[in-house]
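# Chain and residue survey
This is what each chain is made of:
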Amino acid sequence: MTALAIWALATMALAPLPLRYQILPGVALLLVLPVLLVWVGLTYGVWPVLIGLAAAVSLFRKPLGVLWRRLMRGLR
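Residues numbered from 1 in each chain as written. Predicted model: local features only at pLDDT ≥ 70, side-chain atom pairs only at ≥ 80, totals over all residues. Heavy atoms only, no water.

In regions of low pLDDT, the predicted coordinates are not meant to be interpreted in detail. With 100% of its residues at a pLDDT of at least 70, the protein reaches an overall mean of 85. Here helix 4 (residues 61-75) is the element of the protein with the lowest mean pLDDT, 82, and helix 2 (residues 19-44) is the one with the highest, 88. (pLDDT = per-residue confidence, 0-100. Helix = DSSP H or I, 4+ residues; strand = E, 2+ residues; numbered from the N terminus.)

Moving on, we get to the packing of helix 2 against helix 3 (residues 46-59). Where helix 2 contacts helix 3, the axes come no closer than 7 Å and their chain directions differ by 155°. Here helix 2 is positioned roughly antiparallel relative to helix 3, judged by the angle of their axes. Our pair here, helix 2 against helix 3, has a crossing hand that is right-handed. Together, L33, L37, V40, G41 and Y44 of helix 2 and V46, P48, V49, G52, L53 and A56 of helix 3 make up the contact between the two elements. Residue composition of the contact of helix 2 with helix 3, grouped by class: nine nonpolar, two polar and no charged. (Axes fitted to C-alpha atoms, helices over the stretch in contact; angles between N-to-C directions. Parallel < 35°, antiparallel > 145°, perpendicular 65-115°, else oblique. Left-handed = near helix turned anticlockwise from the far one by under 90°. Contact = heavy atoms within 4.5 Å. Nonpolar A, V, L, I, M, F, W, Y, C, P; charged D, E, K, R; others polar.)

On to the nonpolar core. Generally speaking, soluble globular proteins have nonpolar side chains that are buried together. With 11 residues, the main nonpolar core is built from L4, W7, L14, L29, L33, L36, L37, V40, V49, A56 and F60. When residues of this core are traced back to their parent elements, those giving at least two are helix 1 (2-14), helix 2 and helix 3. Top contributing element to this core by residue count: helix 2, with five residues. If sequence neighbours within four positions are ignored, V40 has contacts with M1, L4, G45, P48 and V49. (Core = buried A, V, L, I, M, F, W, Y, C linked by side-chain atoms within 4.5 Å. Buried < 20%, exposed > 50% of the residue type's maximum accessible area, 1.4 Å probe, protein only.)

Rendered as structure tokens:
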């Protein structure tokens, strides 16, 4: 849980940075998230994972939306 809390603090620390400085650390944090969620899920069960996933989607809703639109545009 501590690692997930540190992850959340790191994502919030990126928010005030200009967008061009958010991209690389944001991608790194997004790639680390599944590892953290699996780890938390194995240790504490499914409910903390669902809460962590909801928090992650909330924090990354705009970048994930852009990624989704690009993926859908590429499939057409």
